[in-house]
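# Examination of the molecular architecture
So the chains spell out like this:
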Amino acid sequence: MPHILQTATLGAPYKRKCGNTTFIISSFGNPNAKNTAEDLILQILENRIRETVKEVEDVD
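Residues numbered from 1 in each chain as written. Predicted model: local features only at pLDDT ≥ 70, side-chain atom pairs only at ≥ 80, totals over all residues. Heavy atoms only, no water.

A few words on the pairing of strand β2 (residues 21–29). Examined bridge by bridge, strand β1 (residues 8–18) and β2 share eight bridges and lie antiparallel to one another. Bridge pairing in β2 places T9 opposite F28. Connecting β1 to the antiparallel partner β2 that follows it, the hairpin turn spans two residues, and G19 within it adopts a positive phi of roughly 70°. (Pairing = 2+ DSSP bridges. Helix = DSSP H or I, 4+ residues; strand = E, 2+ residues; numbered from the N terminus.)

Before going further, it helps to spend a moment on the confidence of the model for the protein chain. Predicted confidence across the protein chain gives a mean pLDDT of 84, with 90% of residues reaching 70 or more. Looking at the elements of the protein chain, mean pLDDT is at its lowest for β1, recorded as 83, and at its highest for helix α1 (residues 37–59), recorded as 92. (pLDDT = per-residue confidence, 0-100.)

As structure tokens, then:
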């Protein structure tokens, strides 16, 4: 049985055309989420830094 999440619309959907493809962009928020958008962005940046440091260490 699929788990259905209740979401809240953050912004009105809009269309963006790229070549012959039209994308419909919509934004939803999950009120059950524990991390904020800022937390997720920081986590992405921290992971990129770790990967870069690891690559530099592997080269040395």
